[in-house]
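The primary structure of each chain is shown beneath.
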Amino acid sequence: MLRFDLISIFPEYLSPLKLSLLGKAQNKGLLQINIHDLRDQTTDLHQSVDDTPYGGGAGMVMSPVVWGDAIDEITSNGQVIDLIILTPAGKKFNQQMAVKFSKCDQIIFACGRYEGIDARVGDYYRSQKNFRVHEVSIGDYVLGGGEVAAMVIIEATARLLPGVIGNPDSLREESHSISGQDDQQLVEYPNYTKPAQWRGLEVPQVLLSGNHGEIAKWRRSEAERRTRNLEQE
Ligand code: SAM
């Protein structure tokens, strides 16, 4: 069973992880999500987790000491652990990474705040043989903290686990999972439901034809058209 551990100074920020598909999946024992408060590792009165940056500059940097203690505390012996350090300077998250993460045993998310986490945390765990370290960004913008980014990655990853989605066929023809020419990933074709007419707009006739071959052809060409349009934007 895939186990997600999230470390944050705002554990309550992560409460949506109990809801919807993820909540049900945890109740069914399909995955485990544990949330840890980084401040539990502090020893001073003010529960400090940050300090001024070496070299000067604005803002505060999160201490490697508390991060190291927090990660060590939830490290199970023996198995390989994937440590995801959320950072806007990381590799951009995509569906292929979600597929890769869905095959892991335990993933620890380090949710940064302030100017981020002391760079030695990643360096240290990269040197540990039971750790794989991934510095991951969810997009080219800067958030206030890594909590939302961790939730994005968990939601995309967890729905790929067996049993989490009611109908696994839904995963087959999704955006970023449909292979086009030269292994390029396509986005999904447009979807419609009843009524067939709405505010003067009609559902494409082919979808009402019952001809599955023609429907598949139309969907494929729409997926290609939408993907091309995105590339041109
Ligand atoms: N000083 C950092 C920089 O310029 O790269 C930005 C720090 S940001 C204000 C604080 C924290 O938010 C980061 O440590 C990271 O955990 C999280 N964060 C912000 N933007 C993110 C993004 N695009 N993807 C993933 N995490 C992000």
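Above this note sits the structure.
Residues numbered from 1 in each chain as written. Predicted model: local features only at pLDDT ≥ 70, side-chain atom pairs only at ≥ 80, totals over all residues. Heavy atoms only, no water.

Before going further, it helps to examine the site of the ligand. The ligand sits among 19 residues. The nearest are L86, E115, I138, Y141 and L143. Here L86 contributes a backbone N or O atom positioned 2.8 Å from an oxygen atom of the ligand. A distance of 2.9 Å separates a nitrogen atom of the ligand from a polar atom in the side chain of E115. Across the complex, the protein chains shield 83% of the 590 Å² of accessible surface that the ligand would expose by itself. Given that more than half its atoms are within 2 Å of the pocket grid, the ligand belongs to the largest pocket. At the level of elements, β5 (81–92) and β7 (131–137) are the ones that each hand at least two residues to the shell around the ligand. Take the shell around the ligand: its biggest share by element is 3 residues, from β5. (Near = heavy atom within 4 Å. Polar contact = N/O pair within 3.5 Å; in protein donor to acceptor, adjacent residues only side chain to side chain. Areas by Shrake-Rupley, 256 points an atom, 1.4 Å probe, with all protein chains shown as cover. 1 Å grid on protein atoms, 1.4 Å probe; cavity = no way out; pocket = protein on both sides within 12 Å on 5 of 7 lines; lining within 4 Å. Sits in = over half its atoms within 2 Å of the grid points. Helix = DSSP H or I, 4+ residues; strand = E, 2+ residues; numbered from the N terminus.)

Judged by side-chain polarity, F10, Y13, Y141, L143, V148 and V152 come together as a nonpolar surface patch covering roughly 500 Å² of accessible area. With respect to the helices, strands and loops of the structure, Y141 is situated in the loop between β7 and α5 (147–158). Look at Y141 and you get partly exposed, because its relative accessible area is 43%. (Patch = residues over 30% accessible without salt bridge, like charges linked within 9 Å, V, L, I, M, F, W, Y side chains within 5 Å. Salt bridge = Lys/Arg side-chain N within 4 Å of Asp/Glu carboxyl O. Buried < 20%, exposed > 50% of the residue type's maximum accessible area, 1.4 Å probe, protein only.)

All right, on to the side chain of T42 then. Positionally, T42 belongs in the loop between β2 (31–37) and β3 (50–51). The exposure class of T42 is buried, given its relative accessible area of 15%. Here the side chain of T42 touches R39 through a polar contact of 2.6 Å, landing on its backbone oxygen. Other than its neighbours up to four places away in sequence, T42 contacts Q47, S48, V49 and V66. (Contact = heavy atoms within 4.5 Å.)

Next up on the list: the pattern of salt bridges. All told, the structure shown has 12 salt bridges when counted by the stated rule. Notably, a salt bridge pairs R132 with D82, separated by 2.8 Å at the nearest N-O pair. Placement of the pair is R132 in strand β7 and D82 in strand β5, with a sequence separation of 50 residues. For R132, a relative accessible area of 42% gives the class partly exposed. The buried category is assigned to D82, whose relative accessible area is 1%. We note a salt bridge from R172 to D169, for which the minimum N-O separation is 2.6 Å. Taken together, the shared-partner salt bridges connect D123, R126 and E135 into one network.

What follows covers the state of the cysteines. Here, disulfide denotes a covalent bond that connects the sulfur atoms of two cysteines. Tallied over the entire structure, the rule returns 0 disulfides. Considering cysteine sulfurs only, C111 is the nearest to C104, which forms no disulfide, with 16 Å between them. Judged by its relative accessible area of 9%, C104 falls in the buried class. Its relative accessible area of 0% is what places C111 among the buried residues. (Disulfide = S-S within 2.5 Å.)

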